[in-house]
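# Structure at a glance
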Amino acid sequence: MMPTTPTIRDPALAAKLYRSMVLIREFEQALDQLFASGAIRGTAHFCVGQEATAVGVSAALQAGDYVISYHRGHGHFIAQGGDPARIMAELFGKATGYSGGRGGSQHVSSFEHGFLGSNGITGGGIPVGTGAALALKLQRRNGVVAVFFGDGAANQGAFHESLNLGSLWKLPVVYLCENNLYSMFTHLRESTSVGHIADRAAAYGMPGQIVDGNDLVEVFNAARQAVQRARDGQGPSLIECKTYRMLGHSKSDKRAYRTREEEASWQAHDPITLFRKRMLDERILTPESLTAIEGEVDRQVEQAVRFARESPFPPARGLEESVYA
Ligand SMILES: Cc1ncc(C[n+]2csc(CCOP(=O)(O)OP(=O)(O)O)c2C)c(N)n1
Ligand SMILES: [Mg+2]
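Residues numbered from 1 in each chain as written. Chains lettered and ligands numbered in written order. Predicted model: local features only at pLDDT ≥ 70, side-chain atom pairs only at ≥ 80, totals over all residues.

## Section: the site of ligand 1
- Surveying the vicinity of ligand 1 reveals 15 residues, the closest of which are Thr122, Gly150, Gly152, Ala153 and Ser183.
- Residue composition of the shell around ligand 1, grouped by class: four nonpolar, nine polar and two charged. (Near = placed C-beta within 6 Å. Nonpolar A, V, L, I, M, F, W, Y, C, P; charged D, E, K, R; others polar.)

Written as structure tokens, this is what we have:
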């Protein structure tokens, strides 16, 4: 593991990152309630507990870089600056959503935010993100692509093919595995030949690194180094972020395949609590400023839900628009 030096000393940056994590958490919790009450139909995958990976990586990127996500993607989009009201509207199937209400949770993107999209195909975003990195290289733009995926996706052929070509062609890409221990209801030890996904980096001639995915500062430091390496033309890295999804796989999951004790042990390592404590201990943020942020985010999420509820559905006559066959 790389040495971790606490580099987030700037109060404005710390406040921004804290706000972003709390916004993701509250957005997801509101969404969970909305599904439970029947206000939203269909399904979604929540990233409660995984906020630090999204926010830490986005903080290491700059304008002109891209993020590509997977089915657990709301946090990645919000961390890139996506408007929670329009993401919420998309989940409500409303015309004001990023995909006009036709995409939902797993089909949402915004190029202006450098967000290339969520993706319902496990591992499907990995070759797409690698291709985007190839485009950046061929166009001689200075950008980097951050490709997020889960531990389960690291067993898909697309993962292996992408890392091979990404490394061979020295593409400006950072592969970020959010290892939350489970793919759906299956524990990693029952599905995966290695204990650490980062060990697979060696097979493709790139650096592999394990970080505490619940430690925003650690994620940020590792991502910054890997992004710089990619931008300098030295090729990809694989970062494995050890984390945990605190809610079920998707909305109807009763979590029978894991123990409440295991959940409690991860709750004691909550990324938001950890960062909050660190910023207070290091006197970078005050309790008042943190509480103020929490209040502002409450109101922002309430407004997002109101906006989504009050927005119109897309008209039926547009049903065949944006359909490719
Ligand atoms: C190609 C493909 N196979 C199977 C599925 C069904 N599926 C949806 S999510 C998921 C688990 C993915 O696990 P992981 O990559 O660890 O992500 P996590 O859900 O843990 O965030 C599976 C198997 C799918 N969507 N696509
Ligand atoms: Mg997983």
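There is more to say, and it comes next.
## Some details on the packing of helix H1 (residues 11-36) against helix H10 (residues 287-310)
- Contact geometry of H1 with H10 gives a least axis separation of 9 Å together with a crossing angle of 40°. The pairing of H1 with H10 is recorded here as oblique in orientation. In terms of crossing hand, the pair formed by H1 and H10 is right-handed. Across the interface between the two elements, Ala15, Tyr18, Arg19, Val22, Leu23, Glu26, Phe27 and Ala30 of H1 pack against Ser289, Leu290, Ile293, Glu294, Val297, Asp298, Gln300, Val301 and Val305 of H10. (Axes fitted to C-alpha atoms, helices over the stretch in contact; angles between N-to-C directions. Helix = DSSP H or I, 4+ residues; strand = E, 2+ residues; numbered from the N terminus. Parallel < 35°, antiparallel > 145°, perpendicular 65-115°, else oblique. Left-handed = near helix turned anticlockwise from the far one by under 90°. Contact = placed C-beta atoms within 7 Å.)

## Section: the pairing of strand S2 (residues 145-150)
- Within S2, six of the six residues are buried, which leaves it mostly tucked inside the rest of the structure.
- Neither face of S2 is left uncovered, since the one carrying Val145, Val147 and Phe149 and the one carrying Ala146, Phe148 and Gly150 both have all their residues buried.
- The pairing of S2 with strand S3 (residues 173-179) spans six bridges and is parallel. Its bridge partner being in S3, Gly150 is matched across the sheet by Glu178.
- The parallel pair S2 and S3, bridged by helix H6 (residues 157-168), forms a crossover whose chirality is right-handed. (Buried ≥ 20, exposed ≤ 12 C-beta atoms within 10 Å, placed from the backbone. Pairing = 2+ DSSP bridges. Right-handed = clockwise from strand over helix to strand, strands pointing away.)

## Topic: the packing of helix H5 (residues 125-138) against H6
- One way to put it is that H5 packs onto H6 with a least axis distance of 8 Å and a crossing angle of 15°. It follows from the interaxial angle that H5 and H6 lie roughly parallel. Every pair of crossing elements has a handedness; the one defined by H5 and H6 is left-handed. Across the interface between the two elements, Ile126, Pro127, Thr130 and Ala133 of H5 pack against Ala158, Phe159, Glu161, Ser162, Leu165 and Gly166 of H6.
- Here the contact of H5 with H6 is built from residues that sort into six nonpolar, three polar and one charged.

## Points about the sheet that holds S2
- Pairing in this open sheet of five strands is parallel, and the strands run S1-S2-S3-S7-S6 from one edge to the other. Where the open sheet ends on each side, the last strands, each with one partner, are strand S1 (66-68) and strand S6 (208-212). Geometrically, the sheet is characterised by an average inter-axis angle of 20° between neighbouring strands, direction not taken into account.
- Bridge count between S6 and strand S7 (residues 237-242): five bridges; the pairing is parallel. Counted as the bridge partner of Gln209 is Ile239 from S7.
- Contacting S1, S2 and S3, H5 crosses the sheet at an angle of about 170° to S2.

## Observations concerning H10
- Taking 1.5 Å per residue, 24 residues should reach 34 Å; H10 reaches 35 Å between its end C-alpha atoms and fits that length.
- Within H10, the full set of buried residues consists of Ile293, Val297, Val301, Ala304, Val305 and Ala308.
- The inward-facing, buried residues of H10 abut H1 and helix H4 (84-91). (Expected span 1.5 Å × (residues − 1).)

By themselves, these are just geometric observations and shouldn't be taken as functional.
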